[in-house]
Amino acid sequence: MNTAATATSTGEAVQFWILGIVAVAGALATVLMKKSVHSALSLAGTMIVLAVFYLANGAYFLGIVQIVVYTGAIMMLFLFVVMLVGVTAADSLKETLKGQRWLAGLCALGFGILLIAGIGNASLEEFTGLGQANSGGNVEGLAALIFTKYVFAFEITGALLITAAVGAMVLTHRERTERAVTQRELAERRVRSGKQVPPLPAPGVYARHNAVDVPGLLPDGTPSELTVNPTLRARGQIRDVSGTALRELAALEQRAQEWREHGRSEDAKGAGK
């Protein structure tokens, strides 16, 4: 075995231990996080770290595919699932299938035993190095393995992925079990419930300003609280347009107008002299 080919540089070792910890932490966070958005972000971080590992080991095609396909397309699929389910939707703790937790635990235990046995029996008798593996090109060598030695495994994996995609679409499809409510029925239900039937007046209607922080006035002159944003009301940023405030504003404008007229008359007298 070539000692130089199997040696690991200091930079590669530092990269492996740092990014390996990040990848494992992201994988654990994907499973343990309660919110689906946090799980999806953790999974995206793990996928990006795996892409860096592929690129560092000379598997350039796998690294690019890991970023474009998995981190891009698959994460977009997860995003659509989050949008479909809802970020704040709580998972039901009631089991729809009896014994599914015990079955999932047995499957996880069996997978763990197989994984440990596989790693324990793994051996590397001959190390050819990246130069020989990528001698004809990384993409060409990968294509030769996929379409010759592993062609049946590749086709079976593609069939499983297609079946999973079709199954996901079937599970998300819901048939309507009752008749859709018409617009007339909705209008009648709104009237019977006593809600606001006509459209709400816009901010500033019948007032002296049309700003969003000025409540609209009803025909009797009282301000309508329904015309302003509740956030502005909670902040105390609503301007007073009551009758008293309007009268004070009118008096102020009247005094300003009189002052301007007085200033013009004084200017005219000064010009006449």
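How each quantity is defined
Residues numbered from 1 in each chain as written. Predicted model: local features only at pLDDT ≥ 70, side-chain atom pairs only at ≥ 80, totals over all residues. Heavy atoms only, no water. Helix = DSSP H or I, 4+ residues; strand = E, 2+ residues; numbered from the N terminus. Contact = heavy atoms within 4.5 Å. Areas by Shrake-Rupley, 256 points an atom, 1.4 Å probe, with all protein chains shown as cover. Expected span 1.5 Å × (residues − 1). Buried < 20%, exposed > 50% of the residue type's maximum accessible area, 1.4 Å probe, protein only. Phe/Tyr/Trp six-rings, centres within 6.5 Å; stacked < 30°, edge-to-face > 60°. Axes fitted to C-alpha atoms, helices over the stretch in contact; angles between N-to-C directions. Parallel < 35°, antiparallel > 145°, perpendicular 65-115°, else oblique. Left-handed = near helix turned anticlockwise from the far one by under 90°. pLDDT = per-residue confidence, 0-100. Patch = residues over 30% accessible without salt bridge, like charges linked within 9 Å, V, L, I, M, F, W, Y side chains within 5 Å. Salt bridge = Lys/Arg side-chain N within 4 Å of Asp/Glu carboxyl O.

Caption draft 1: Up close: the overall build of the protein chain. A tally of regular secondary structure across the protein chain gives 11 helices and 0 strands. Mapped from its N terminus to its C terminus, the protein chain presents α and β elements in the order α-α-α-α-α-α-α-α-α-α-α. In the protein chain, the share of contacts with a sequence separation of at least 24, taken over all contacts with a separation of at least 6, comes to 44%. Carbon and sulfur atoms provide 66% of the accessible area of the protein chain, an area that totals close to 21,800 Å².

Caption draft 2: Main features of the side chain of Gln-66. Along the chain, the position of Gln-66 falls in helix H4 (residues 60-85). Not counting residues within four places of it along the chain, the set of residues in contact with Gln-66 comprises Met-47, Leu-50, Ala-51, Tyr-54 and Thr-71.

Caption draft 3: Structural detail: helix H2 (residues 10-32). Here H2 is 23 residues long and its end C-alpha atoms lie 33 Å apart, about the 33 Å a rise of 1.5 Å per residue gives. Restricting attention to buried positions, one finds in H2 the residues Gly-20, Ala-23, Gly-26 and Ala-29. Looking at the buried residues of H2, the elements they touch are helix H3 (36-56).

Caption draft 4: Spatial organisation of the packing of aromatic side chains. Under the definition given, this model contains 3 aromatic pairs. Measuring from centroid to centroid gives 5.4 Å for Phe-16 and Trp-17, while their planes differ by 75°, and the two rings are edge-to-face. Between Phe-147 and Phe-154 the ring centres are 5.7 Å apart and the planes differ by 65°, which places this aromatic pair in the edge-to-face class. An aromatic cluster is defined as three or more aromatic residues linked by ring pairs; in this entry it consists of Phe-16, Trp-17 and Phe-53.

Caption draft 5: Representation of the environment of Val-22. Residue placement: Val-22 occurs in helix H2. Sequence separation between Val-22 and Gly-45 is 23 residues; the distance between their C-alpha atoms is 8.0 Å.

Caption draft 6: Examining the environment of Ser-42 more closely. By the element assignment, Ser-42 lies in helix H3. Residue Ser-42 is classed as buried on the basis of its relative accessible area of 15%. For the pair formed by Ser-42 and Ala-29, sequence separation is 13 residues and the distance between their alpha carbons is 6.0 Å. Contacts of Ser-42, omitting those with residues within four sequence positions, involve Gly-26, Ala-29 and Thr-30.

Caption draft 7: Representation of the packing of H2 against H3 in the model. As a packed pair, H2 and H3 sit with axes 8 Å apart at the nearest point and diverge in direction by 150°. Here H2 is positioned roughly antiparallel relative to H3, judged by the angle of their axes. The way H2 lies across H3 gives a crossing that is left-handed. On H3, the residues that touch Gln-15, Phe-16, Leu-19, Gly-20, Val-22, Ala-23, Gly-26, Ala-27, Ala-29 and Thr-30 of H2 are Ser-39, Ser-42, Leu-43, Thr-46, Val-49, Val-52, Phe-53 and Ala-56.

Caption draft 8: Highlighting helix H5 (residues 100-120). For H5, with 21 residues, the first-to-last C-alpha span of 30 Å sits near the 30 Å given by 1.5 Å per residue. Judged by how many residues are buried, H5 sits mostly at the surface: 0 of 21 residues are covered.

Caption draft 9: Quick peek at the confidence of the model for the protein chain. Overall, the predicted model of the protein chain reaches an average pLDDT of 77, with 77% of residues at or above 70. Here helix H1 (residues 3-6) stands out as the least confident element of the protein chain, with mean pLDDT 53; H2 is the most confident, with 88.

Caption draft 10: Broad picture of a nonpolar patch on the surface. On the surface, Leu-55, Tyr-60, Ile-64, Ile-67, Val-68, Val-69 and Tyr-70 cluster together into a nonpolar patch covering about 620 Å² of accessible area. A total of 6 residues in the nonpolar patch trace back to one element, the largest contributor, which is H4. Looking at where Ile-64 falls in the secondary structure, it is placed in helix H4.

Caption draft 11: Local environment of the side chain of Thr-46. Among the structural elements, Thr-46 can be located in helix H3. Assessed through its relative accessible area of 10%, Thr-46 is described here as buried. Setting aside chain neighbours within four positions, we find Thr-46 in contact with Ala-23, Gly-26 and Ala-27.

Caption draft 12: Region of the structure containing the pattern of salt bridges. Overall, the coordinates contain 3 salt bridges when judged by the stated rule. Between Glu-188 and Arg-184 there is a salt bridge whose closest N-O contact spans 3.4 Å. Of this pair, Glu-188 and Arg-184 both sit in helix H9 (residues 183-193), 4 residues apart, which is roughly one turn of the helix.

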